Amino acid sequence: MVSIIIIPLTIVAIVGLSGYLVYKFVMYDLLCKRSVNQTLKKYNIQKTPAQIIKEYYHNKGEKISHQEVQYLEKNYRQKEPEQFLTMYDAVREKTKDKE
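Conventions and cut-offs
Residues numbered from 1 in each chain as written. Predicted model: local features only at pLDDT ≥ 70, side-chain atom pairs only at ≥ 80, totals over all residues. Heavy atoms only, no water. Core = buried A, V, L, I, M, F, W, Y, C linked by side-chain atoms within 4.5 Å. Buried < 20%, exposed > 50% of the residue type's maximum accessible area, 1.4 Å probe, protein only. Contact = heavy atoms within 4.5 Å. pLDDT = per-residue confidence, 0-100. Helix = DSSP H or I, 4+ residues; strand = E, 2+ residues; numbered from the N terminus. Axes fitted to C-alpha atoms, helices over the stretch in contact; angles between N-to-C directions. Parallel < 35°, antiparallel > 145°, perpendicular 65-115°, else oblique. Nonpolar A, V, L, I, M, F, W, Y, C, P; charged D, E, K, R; others polar. Salt bridge = Lys/Arg side-chain N within 4 Å of Asp/Glu carboxyl O.

Novice: Lay out the nonpolar core in plain terms, naming residues and giving numbers.
Specialist: The nonpolar side chains of soluble globular proteins are, as a tendency, buried together. Core analysis: the largest hydrophobic core is formed by twelve residues, namely Val36, Leu40, Ile45, Ile52, Ile53, Tyr57, Val69, Leu72, Tyr76, Phe84, Met87 and Tyr88. In this view, Ile52 contacts Leu40, Ile45, Lys47, Phe84, Met87, Tyr88 and Val91; residues no more than four positions away in its chain are not counted.

Novice: Tell me about the confidence of the model for the chain, and please be specific about residues and values.
Specialist: Per-residue confidence for the chain averages 92 on the pLDDT scale, and 99% of its residues sit at or above 70. Confidence, read as mean pLDDT per element, is least for helix H4 (residues 83–98) in the chain (88) and greatest for helix H3 (residues 66–79) (95).

Novice: An account of the packing of helix H1 (residues 2–42) against H3 is requested, with residue identities and associated values reported.
Specialist: Relative orientation of the contacting elements H1 and H3 amounts to 85°, with a least axis distance of 9 Å. In terms of orientation, H1 and H3 fall into the roughly perpendicular class. Facing H1, whose interface residues are Tyr28, Asp29, Cys32, Lys33 and Val36, H3 presents Lys74, Arg77 and Gln78. Split into classes, the residues belonging to the contact of H1 with H3 amount to three nonpolar, one polar and four charged.

Novice: Would you mind going over the pattern of salt bridges in detail, with residue names and values included?
Specialist: Considering all chains together, one arrives at five salt bridges under this definition. One salt bridge in this structure joins Lys60 and Glu62, with 3.6 Å as the shortest N-O distance. Exposure remark for Lys60: the relative accessible area of 46% places this residue in the partly exposed category. Judged by relative accessible area, which is 39%, Glu62 ranks as partly exposed. In this structure, Arg77 and Glu73 form a salt bridge, with 3.4 Å as the shortest nitrogen-oxygen distance. Residue Arg77 and its partner Glu73 are located together in helix H3, separated by four residues, close to a single helical turn. Judged on exposure class, the residue Arg77 and its partner Glu73 are both buried. Shared partners join several salt bridges into a network, and the residues in it are Asp29, Glu73 and Arg77.

Encoded structure:
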C-alpha cells in the first residue's frame, strides 16, 4: 500500500530535480547568451563577448588566458550582462585616445 504512494512520488521528484538541473545548467546559460547577443546586435556591435573581454583586459595591460576569458564571459553573461557594454565603451574610448 505504501509503495503506491512512494513510487509515483519518487518518480515525480526525480523528474522535477532533473528538469531543474537542466534549466539551471543548460537553458539558463543559453537564454543569457541569447540576451547578451541580442543586446550587442541592438547597439550594432560586431564583436563577440569574448573579443570584448580580451581587448578590455589587453588594454588594461593584463594578460588573460582563453580559459579565463571563457570563465569571465559566462560569469558576466549570467550575473552582469551590462558589463559587456561598459567594457566595449572603455575599449572604444581607448582606441579614440590613441588616434
